[in-house]
Amino acid sequence: MTDEHMHELAVLEQSWIEAEAEADHLKDLAERAAVAAEELRKTASVDQPDVKLLLGQAERYSERRERAEADAVAAFDRFWSARGGV
């Protein structure tokens, strides 16, 4: 394996790790927003703007997380393919 190929593998692996970390971070943000909305809902009217805002935020984080997870899978596939599938 050449130095160039090893460098390419390292870059692809780092890209995959970063994509996984982003997906995990977005999952955490979505969960926190959902919990905050639920806590606020317990003490406020369901129609209160803050509850709707937090629920919308949780949904957006979830959507971004789904895209980030797809990016992470694609990054892993590129890394795995560059490794020769071993």
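Here's a quick rundown of the structure. (Residues numbered from 1 in each chain as written. Predicted model: local features only at pLDDT ≥ 70, side-chain atom pairs only at ≥ 80, totals over all residues. Heavy atoms only, no water.)

**Observations regarding the overall build of the chain**
Then, number 1: Of the regular secondary structure elements, the chain holds two helices and zero strands.
Then, number 2: The C-alpha extent of the chain, read off along each of the three principal axes, is 65 × 15 × 15 Å.
Then, number 3: Put simply, the chain has 86 residues, and 22% of those count as buried.
Then, number 4: At a minimum sequence separation of 6, the contacts of the chain that also span at least 24 residues come to 71%. (Helix = DSSP H or I, 4+ residues; strand = E, 2+ residues; numbered from the N terminus. Buried < 20%, exposed > 50% of the residue type's maximum accessible area, 1.4 Å probe, protein only. Contact = heavy atoms within 4.5 Å.)

**Things to note about the environment of Asp 28**
Then, number 1: Following the sequence through the fold, Asp 28 ends up in helix H1 (residues 3–43).
Then, number 2: Residue Asp 28 is classed as partly exposed on the basis of its relative accessible area of 30%.
Then, number 3: Each C-alpha atom, one on Asp 28 and one on Glu 59, is 12 Å from the other, the two residues being 31 residues apart in sequence.

**Details of helix H2 (residues 49–82)**
Then, number 1: End to end, H2 covers 49 Å across 34 residues, agreeing with the expected 50 Å (1.5 Å per residue, within 8%).
Then, number 2: Restricting attention to buried positions, one finds in H2 the residues Val 51, Leu 54, Ala 58, Tyr 61, Arg 65, Ala 68, Ala 72, Ala 75, Phe 79 and Ala 82. (Expected span 1.5 Å × (residues − 1).)

**Some details on the nonpolar core**
Then, number 1: Within the largest apolar cluster, seven residues are counted, these being Ala 23, Leu 26, Ala 30, Ala 33, Ala 58, Tyr 61 and Ala 68.
Then, number 2: The element best represented in this core is H1, accounting for four residues.
Then, number 3: In contact with Tyr 61, not counting residues within four places along its chain, are Leu 26, Leu 29, Ala 30 and Ala 33. (Core = buried A, V, L, I, M, F, W, Y, C linked by side-chain atoms within 4.5 Å.)

**Topic: the packing of aromatic side chains**
Then, number 1: Overall, the coordinates contain four aromatic pairs when judged by the stated rule.
Then, number 2: In this structure an aromatic cluster arises from ring pairing among Trp 16, Phe 76, Phe 79 and Trp 80. (Phe/Tyr/Trp six-rings, centres within 6.5 Å; stacked < 30°, edge-to-face > 60°.)

**Examining the environment of Gly 84**
Then, number 1: Following the sequence through the fold, Gly 84 ends up in the segment after H2.
Then, number 2: Expressed as a C-alpha distance, the spacing of Gly 84 and Lys 42, which sit 42 residues apart in the sequence, is 53 Å.

**Some points on the side chain of Arg 65**
Then, number 1: Looking at the secondary structure, you find Arg 65 in helix H2.
Then, number 2: The contact partners of Arg 65, leaving out residues within four places of it in the chain, are Ala 23, Leu 26 and Lys 27.

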